[in-house]
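For reference, the chains in residue letters:
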Amino acid sequence: MQVRSLLLLLALILVAAAAEASKNKKEKTKKDGSKCEDWRWGPCVPNSKDCGLGYREGTCKDETKKLKCKIPCNWKKKFGADCKYKFESWGGCSAQTGLKTRSGVLKKALYNAQCEETVYVTKPCSSKIKSKSKAKKGKGKD
């Protein structure tokens, strides 16, 4: 009987400790120290090269903050990592330029980024010729 009560007491202590830790974590994230609501955020600046982890600086009145951010290494540098677009399918290949084109319409501008409403991108046409129907093997008459 003493073993059960000891285990029950131990379980209650662990639950109380976990609840206190959770409470402290929530309070820590809430304590920003800033009551400013009109933050202006700059672009994400990578720590090295042109992609990867970096920081974004924000200002509000006479306060400044830095937030961690990440620029994917396959982002469209022309548009900026904070401008998100919905793109159409690729168009046909132009025989004159050897390029395919498609357009994208602005879906979301993060951190008050200045984004173009519509953008156009191109890429080289594929040199491989894709056949629409594949030859059927083993179905011919003997």
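Residues numbered from 1 in each chain as written. Predicted model: local features only at pLDDT ≥ 70, side-chain atom pairs only at ≥ 80, totals over all residues. Heavy atoms only, no water.

### Details of unusual backbone geometry
For Tyr-111, which is not glycine, the phi torsion reads 50 degrees and is therefore positive. Topologically, Tyr-111 is positioned in the loop between strand E6 (99-109) and strand E7 (118-124). Positive phi is not limited to glycine here, since Asn-112 has a value of about 55 degrees. Classification of Asn-112 as partly exposed rests on a relative accessible area of 49%. (Helix = DSSP H or I, 4+ residues; strand = E, 2+ residues; numbered from the N terminus. Buried < 20%, exposed > 50% of the residue type's maximum accessible area, 1.4 Å probe, protein only.)

### Focus: the sheet that holds strand E5 (residues 83-87)
In spatial order, the strands read E5-E6-E7; together these three strands make up an open sheet with antiparallel pairing. In this open sheet, the two strands that pair with only one neighbour each are E5 and E7. Each adjacent strand pair in this sheet contributes to an overall mean axis angle of 45 degrees, direction not counted. Pairing of E6 with E7, which is carried by seven bridges, proceeds in the antiparallel orientation. By the bridge assignment, Lys-100 is partnered in E7 with Lys-123. (Pairing = 2+ DSSP bridges. Axes fitted to C-alpha atoms, helices over the stretch in contact; angles between N-to-C directions.)

### A short note on the side chain of Asp-82
Inspection of the secondary structure puts Asp-82 in the loop between strand E4 (63-71) and E5. A residue is classified by how much of its surface remains accessible, and Asp-82, at 10% relative accessible area, is buried. Residue contacts for Asp-82: discarding those within four places in its chain leaves Gly-42, Pro-43, Cys-44, Arg-56, Lys-108, Ala-109, Leu-110, Ala-113 and Cys-115. (Contact = heavy atoms within 4.5 Å.)

### Quick look at a positive patch on the surface
A contiguous patch of positive charge on the surface is contributed by Lys-84, Lys-86, Lys-107 and Lys-108. Looking at the positive patch, the elements with two or more residues in it are E5 and E6. (Patch = residues over 30% accessible without salt bridge, like charges linked within 9 Å, V, L, I, M, F, W, Y side chains within 5 Å. Areas by Shrake-Rupley, 256 points an atom, 1.4 Å probe, with all protein chains shown as cover. Salt bridge = Lys/Arg side-chain N within 4 Å of Asp/Glu carboxyl O. Lys, Arg positive; Asp, Glu negative; His and termini not counted. Charge placed at Lys NZ, Arg CZ, Asp CG, Glu CD.)

### Observations concerning the nonpolar core
One finds Phe-79, Cys-83, Tyr-85, Cys-115, Val-119 and Val-121 forming the largest nonpolar core, which totals six residues. Sorting the residues of this core by element identifies E5 and E7 as the ones contributing at least two each. With residues up to four places along the chain from it excluded, the contact list for Tyr-85 reads Phe-79, Gly-104, Val-105, Leu-106, Lys-107, Cys-115, Glu-116, Glu-117 and Val-119. The next biggest cluster of nonpolar side chains, apart from the first, holds five residues, and it includes Cys-44, Cys-51, Cys-69 and Ala-81. (Core = buried A, V, L, I, M, F, W, Y, C linked by side-chain atoms within 4.5 Å.)

### Quick notes on the confidence of the model for the chain
Confidence in the prediction for the chain averages 78 pLDDT; 75% of positions are at 70 or higher. The secondary structure element of the chain with the lowest average pLDDT is helix H1 (residues 2-30), at 65, and the one with the highest is E6, at 93. Ignoring residues within four places in sequence, the model shows residues 25-31, a span with pLDDT below 50, making zero contacts including any to other chains. (pLDDT = per-residue confidence, 0-100.)

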